[in-house]
Structure formats: structure tokens, C-alpha cells
There are 2 protein chains.
Amino acid sequence: MKLKIYADRRSQPARAVLIFCKVNGIDFEEINIDLTKRQQLSPEFKEINPIGKVPAIVDGRFKLFESHAILSYLACAFPGVADHWYPADLFKRAKIQSVLDWHHLNLRLGALTYVVNTAMAPALGLPLNPRAAAKGEKILFSSLSKIESFWLKGSGRFLVGSNQPSIADLSLVCEIMQLELLDEKDRNRILGPYRKVQRWIENTRNATRPHFDEMHQVLFEFKADLQKQLSMGAINEMESSSKTVYLSKI
Amino acid sequence: MKLKIYADRRSQPARAVLIFCKVNGIDFEEINIDLTKRQQLSPEFKEINPIGKVPAIVDGRFKLFESHAILSYLACAFPGVADHWYPADLFKRAKIQSVLDWHHLNLRLGALTYVVNTAMAPALGLPLNPRAAAKGEKILFSSLSKIESFWLKGSGRFLVGSNQPSIADLSLVCEIMQLELLDEKDRNRILGPYRKVQRWIENTRNATRPHFDEMHQVLFEFKADLQKQLSMGAINEMESSSKTVYLSKI
């Protein structure tokens, strides 16, 4: 039975898993779970992942969620995966686990909080929250600085000094790619100071082409949708504020 | 050369690593890094972990931080560790990785945010922040509910249905033990509704005795210090408010 991947390509961890499978020739069926329609909370999907998050996989009778756990499982379960993605060497693997664990409360928390509260919230039925965005931005900048000065230290083209990508590169770069949803000026302001980070994104993209670009296509379409929604929101706000003015004049 | 563990026993991930080593007969030297004196930011410690967090280890020439990465490394590197701590079986290991990954942005984020902003902040030179505490509480309750209804599902005494503890049990239970720093009434309010969680904490404590209690001793001493500081703070506040009243009367 073919591996099933439950994903929304607008979700960064979902894209990391999809790109990994494509690059490594792992045959799979992709089942779209539309986050903007809250399909991750449907009873059908809760049978797959009771926590209600994408990505999730079903491999035969085995169900699994959390993208890092999925990536390391796939790297071990499918014999065709090159060692550099998740090295068997104890020391190399431990370093990759270290950056994967660090990711959650640093780059992931910072980028997710900032992007949701600056661009994505309306599509998820939530209000934009500038105070939360400011907190996210602080964590995001601190995380990018640590990637630039520590995780990308040395001459290797990828994280922890490697010359070939691992599942950590894929996970972290897909997270940063979510910044594409921002206004271009804002994205440049955030990523501009980090030259090594910018090179590393390109190195990861090049190492996983054409699948990297293919899987990110939806993100650019999503950006166009969001900008439309935001400008509609701005018109609605103008209308409602003019209504307020009108009402207050009665 | 003996394994070196850089830790502050008041840090929950540090305790998880220390208990793991004690239970599994791993010989180590413990180097205390006092978080209340900000020793984790000293140049000496930054040589060990440039990110400035405990726990960190040095095993021969190999340096590592992030407690989950350390625990899985130690489980694989030291031959005496029983398999149940980090099973070699691909499916069992993946399930444990799943709960470890889930932990960061759920129980860890919720408990840490709540405990720091309700009890620990003064000891770290920070102000208590009720707004942040409320956010932490919400994530904490949601996480405890998911542990109760999903991660502890079935008849197993430990996470993901196991009958023996894994590194995930140790990590998550040490996090919940941090709630001991709260006022007892508050702790009971939070943990009271979660019967399975309470039994599981006891199961983990029993499976790792006497080391579990030994490593948590410092936490209870820390609680006494914090309560002293908080009551001193209350006196200072009363003094300053009476000063304000006095000044405003001039």
C-alpha cells in the first residue's frame, strides 16, 4: 500500500515532508487537507491525527504526525534515501537532532507568530495582532542571527557544517520560505542582513530542484489571495469607519 | 574521559538528563551553571554551548546541547541503556520522536510561560507578567488535556501506550514537575482534573527512584527561596505604595 501524506502545501512542515519524498523518489499519495476550510479539524482527519495538525502520514497500518518525526522515520524506513539526509553516524545524527529540537521554540515560533499575525490571520478567520507580531519578530531576528553566526558556521554549505543537506535544512528553509507571504519590502528588511542565510536558502533550493519550486508554487498563489483579502479588508475597514463617522453625526 | 553534564537542577530539561544518567548507571561529572547568576551567558560556558542554554554535555571531544538530542544520543552511545528508553524498533522510536517534537510548542511552551510569569521571574531578574501567564495557562491546559486523552490513551502506564518509560516520559514529567514552584492551591487547580496525568507522574517517579526525588530536591529548596522573595516583594510593594500615598498627600 502506497504511503499517504496528508498535507496542505501552504503549511511549511507539510512542504518539507513532500519535498523530501519527491527528492528521494518515495512514491506517495498526497491528500489535501485545506487549512483555510479547517479540514484538519474534521472527524475524518481526526481519525488520522487526533491532534488535528498537518502533515500526517499513514504507512500501511502505521500512523504518524509531527514533521520532524515523519522525516526521520521516512529516512530510516525507505532504503533509497541517501545517508546525508539523516546520517547513521551517531555524532552527525545528534547534531542534526540538536538543530531540529532548537528549531521549535526559536525559528518556528518566531516565523510562525510573525507571519500569521502580519499576513495569514484573515485567511484563518483570525484578526491580525500587531502586539503578537512584534513578539514574533523579536524571536525571528534572534533565531536568524543564531543560524547566521552559529548553525551555519564554517565552510559547509548547509547546517552544522555539512556539505550536503539534511532533514534539518529542509525543515528550517521551508519555515523561512513562509516569509514569502509578507510584503516584499518587509521580507527584505528581515532577511537582508543575513547573507549566509540567503545563500543557504539558495543552496537548499538548488539541492532539491525542481521539487522545491514545484512545492512552493502554491505559496505564491496563496500570497496573491492574501493580498486580495487584505486590500478587501482595508476597503471594508474604510467603509465601516466612514459608517462610524456617519452614525456619530446623527 | 568522563561525560560532563553542564546543568542547573532547577531547569527541567537539565533534570531529565541527570536522572536519565543516574538511572542508567552512566558515570558523569556534573558542572553547575547557576541560571539565577546568569552563568549560562558567561564566556566560559559559551565555549561549551554558544547558544547559552543548559543542559549541555561534553563527551570526549563531542559537544552537544538541546535535552532531547542529548537524551537520544546518550541512549545510543552508552551500551548499558535498556531499549525501552529509546527503542531501536523504527515504529516505536518514531512514536517517541512524535511526542518529543510535539512537546516543545505545547507542554513546554505552556508550562514554562506560566511558571516563569507566575513564580520564577523575580529570581531571573524579570517582572511577573500576568498577561503572558494567562496565555501560558491556556496552552498548558490544552497540552495537559491532550496528554490525558491522547498520549496516555490505552492501558500502558507510560506515553504512547508503553509499559516502560522512555526519554519522552522523563522529559515531559520533569516539565510538569516545574509546577511544584507554584502556590499549592494553584498547582492543584491545574493538575486536579487530570487523573491519568497524575498517575503517570507517579509511575515515572516510581520507575526512576531514588534518583527522581534526589534530583528534584533542589526544586523544593528553590520554591522556598522564591516564596521568600515574593513575600519580600509584596512588603516592598506595600512600602512603595504607602510612600506613593504619602508623597501624593504632600
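Model, not experiment: these values are computed from the prediction. Just so you know, the residues in each chain are numbered from 1, in the order the chain's sequence is written. As they are written, the chains are lettered A onward and the ligands numbered 1 onward, keeping that order. Reporting of local features is limited, given that this is a predicted model, to residues whose pLDDT is at least 70; pairs of side-chain atoms are given and counted only at 80 or more, and all residues count toward the totals for whole chains, interfaces and linings. Processing note: side-chain calculations cover all non-hydrogen atoms of the structure and skip hydrogens and water entirely.

**Focus on helix α5 (residues 130-151) of chain A**
And then number 1: Segments assigned H or I by DSSP are reported as helices when at least four residues long, segments assigned E as strands when at least two residues long, and all are numbered from the N terminus. Helix span is expected to be 1.5 Å times the residue number reduced by one. An ideal rise of 1.5 Å per residue puts 32 Å on 22 residues; α5(A) measures up with 29 Å between its terminal C-alpha atoms.
And then number 2: Throughout, exposure labels follow a simple rule: accessible area from a 1.4 Å probe, protein chains only, divided by the maximum for the residue type, with under 20% read as buried, over 50% as exposed, and the rest as partly exposed. Among the residues making up α5(A), those that are buried are A132(A), A133(A), G136(A), L140(A), S143(A), L144(A), I147(A), E148(A), F150(A) and W151(A).
And then number 3: It only takes one pair of heavy atoms within 4.5 Å for two residues to be counted as in contact. Buried residues along α5(A) sit in contact with α4 (90-120), α6 (167-177), α7 (184-191) and α8 (195-207) of chain A together with β4 (62-65) of chain B.
And then number 4: Whenever two N or O atoms come within 3.5 Å, that pair is a polar contact, provided that in protein one can donate a hydrogen and the other can accept it, and provided that, for residues adjacent in sequence, both atoms are side-chain atoms. The N-cap of α5(A), judged by a side-chain oxygen 3.1 Å from the amide nitrogen of R131(A) a few residues on, is N129(A).

**Re the packing of α5(A) against α8(A)**
All names here are of chain A.
And then number 1: Fitted lines through C-alpha atoms give the axes, limited to the stretch in contact for helices. The angle between two N-to-C directions lies from 0 to 180 degrees. The geometry of α5 relative to α8 is characterised by a closest axis approach of 8 Å and an angle of 80° between their N-to-C directions. When the axis of α5 is compared with that of α8, the two are roughly perpendicular. On α8, the residues touching L144, I147 and E148 of α5 are R195, K196, V197 and W200.
And then number 2: Taken together, the residues that form the contact of α5 with α8 break down as four nonpolar, no polar and three charged. With respect to orientation, any angle under 35 degrees is reported as roughly parallel, any angle over 145 as roughly antiparallel, any angle of 65 to 115 as roughly perpendicular, and every other angle as oblique. Any residue outside Ala, Val, Leu, Ile, Met, Phe, Trp, Tyr, Cys, Pro, Asp, Glu, Lys and Arg is labelled polar, Gly included; the first ten of those are nonpolar and the last four are charged.

**A few points about the UniProt feature "domain: GST N-terminal" (unreviewed entry) in chain A**
And then number 1: UniProt positions are given in the numbering used here, feature names are shortened, and annotations may be inferred rather than shown by experiment. Those residues carrying the UniProt feature "domain: GST N-terminal" (unreviewed entry) are residues 1-82 of chain A in this numbering.
And then number 2: End C-alpha atoms of residues 1-82 of chain A are separated by 23 Å, and the span's content is 35% helix alongside 22% strand.

**Thoughts on the relation of the copies chain A and chain B**
And then number 1: Between the two copies, chain A and chain B, the superposition gives an RMSD of 0.0 Å; the rotation angle is 180° and the shift along the axis is 0.0 Å. Overall, the copies show the geometry of a two-fold rotation axis.
And then number 2: With an isologous cut-off of 70% or more, the 100% of interface residues of chain A that recur at the interface of chain B puts this contact in the isologous class. Least squares is used to superpose the copies, and the fit set is the C-alpha atoms of residues whose pLDDT is at least 70 in both copies.

**Considering the sheet that holds β4(B)**
Residues and elements named next belong to chain B.
And then number 1: Judged by pairing direction, the sheet is mixed, and its four strands sit side by side in the order β2-β1-β3-β4 without closing on themselves. Strand pairing shows two members of the sheet lacking a second neighbour, β2 (28-32) and β4, which therefore form its edges. Taken pair by pair, the neighbouring strands of this sheet meet at an average axis angle of 20°, ignoring direction.
And then number 2: Only when DSSP finds a minimum of two bridges between them are two strands counted as paired. Where strand β3 (residues 56-59) and β4 come together, four bridges link them in antiparallel fashion.

**Examining the pattern of salt bridges**
Pairing between side chains of opposite charge can happen when their charged atoms approach one another.
Residue and element names in this part refer to chain B.
And then number 1: Any Lys or Arg side-chain nitrogen found within 4 Å of a carboxyl oxygen on Asp or Glu counts as a salt bridge. Counted under the stated rule, the structure contains 24 salt bridges over all chains.
And then number 2: Of the charged contacts, one joins R10 and D8 as a salt bridge, the two residues approaching to 2.9 Å between their closest N and O atoms. Here R10 and D8 have matching classes, each one buried.
And then number 3: Of the charged contacts in the structure, one is a salt bridge between D213 and R209, with a shortest N-O distance of 3.0 Å.
And then number 4: The class of D213 is partly exposed, set by a relative accessible area of 29%.

**Concerning the pairing of strand β2 (residues 28-32) of chain A**
Residue and element names in this part refer to chain A.
And then number 1: As defined by bridge partners, strand β1 (residues 3-7) adjoins β2 across five bridges and the pair is classed as parallel. In the sheet register, L3 faces β2, and the bridge partner there is F28.
And then number 2: When the strands point away from the viewer and the path from the first strand over the helix to the second turns clockwise, the crossover is right-handed. Between the parallel elements β1 and β2, the chain passes through helix α1 (residues 12-23) in a crossover that is right-handed.

**Here's the deal with the UniProt feature "domain: GST C-terminal" (unreviewed entry) in chain A**
And then number 1: UniProt feature "domain: GST C-terminal" (unreviewed entry): in the numbering of this structure it lies at residues 89-230 of chain A.
And then number 2: Helix makes up 74% of residues 89-230 of chain A and strand makes up 0%, while its end C-alpha atoms are separated by 48 Å.

**Structural notes on the domain arrangement of chain A**
All names here are of chain A.
And then number 1: Marked domain ranges trace back to an automatic or database domain assignment. Annotation of chain A at the domain level lists domain 1 (3-81) and domain 2 (85-210).
And then number 2: A C-alpha centroid distance of 20 Å is found between domain 1 and domain 2.
And then number 3: Domain 1 puts 19 residues into the contact, and the matching count from domain 2 is 18 residues.
And then number 4: A simple way to read buried area is as the amount of 1.4 Å-probe accessible surface that goes missing from two parts once joined, with both sides added. For the pair domain 1 and domain 2, the two sides together bury roughly 1,500 Å², of which 67% comes from carbon and sulfur.
And then number 5: Among the residues of domain 1 in contact with domain 2, Q12, V23 and H68 are the three that bury the most area, contributing 36% of the side total.
And then number 6: Across the domain 1-domain 2 interface, the total number found is zero salt bridges.
And then number 7: Between the two partners, domain 1 and domain 2, sit eight residue pairs in polar contact (both at pLDDT 80 or more).
And then number 8: Secondary-structure elements contributing two or more residues to the side of domain 1 that touches domain 2 are α1 and α3 (67-77).
And then number 9: For the side of domain 1 that touches domain 2, a count of residues per class yields 10 nonpolar, five polar and four charged.

**Considerations on the environment of I190(B)**
Residue and element names in this part refer to chain B.
And then number 1: Mapped onto the elements, I190 comes out in helix α7 (residues 184-191).
And then number 2: Counting along the chain gives 168 residues from I190 to K22, while the straight-line C-alpha distance between them is 30 Å.
And then number 3: Apart from residues lying up to four places away in sequence, I190 is in contact with Y114, L140, F141, L144, L179 and L182.

**Description of the packing of α5(A) against α7(A)**
All names here are of chain A.
And then number 1: With their axes 10 Å apart at the nearest point, α5 and α7 run at an angle of 45° to one another. As far as their axial angle goes, α7 and α5 are oblique. Of the residues in α7, those in contact with E137, L140, F141 and L144 of α5 are R189, I190 and L191.
And then number 2: Looking at the contact of α5 with α7 residue by residue, the class counts come to five nonpolar, no polar and two charged.

**Thoughts on the sheet that holds strand β4 (residues 62-65) of chain A**
All names here are of chain A.
And then number 1: In spatial order, the strands read β2-β1-β3-β4; together these four strands make up an open sheet with mixed pairing. Both outer strands of the open sheet, β2 and β4, are each paired with one neighbouring strand and no more. Averaged over all pairs of adjacent strands, the angle between their axes in this sheet comes to 20°, without regard to strand direction.
And then number 2: Here β1 pairs with strand β3 (residues 56-59) via three bridges, running antiparallel. What sits directly across from Y6, in β3, is A56.
And then number 3: Where α1 meets the sheet, it contacts β1 and β2, and its direction lies at approximately 150° from that of β1.

**Comments concerning the confidence of the model for chain A**
Residue and element names in this part refer to chain A.
And then number 1: The pLDDT value tells you how sure the predictor is about a given residue, anywhere from 0 up to 100. Summary statistics for chain A give a mean pLDDT of 92 and a share of 93% for residues scoring 70 or more.
And then number 2: The low-confidence segment residues 238-250, where pLDDT is below 50, has zero contacts with residues more than four positions distant or belonging to other chains.
And then number 3: Two numbers describe this predicted complex: its pTM, 0.92, and its ipTM, 0.92.

**Quick word on the interface of chain A and chain B**
And then number 1: Taken residue by residue, the interface counts 30 residues in chain A and 30 residues in chain B.
And then number 2: Taken together, both faces of the contact between chain A and chain B bury some 2,900 Å²; the carbon and sulfur share is 71%.
And then number 3: The three residues of chain A that bury the most area against chain B are I51(A), D101(A) and L105(A), which together make up 18% of that side's buried surface.
And then number 4: The tally of links between chain A and chain B comes to zero salt bridges.

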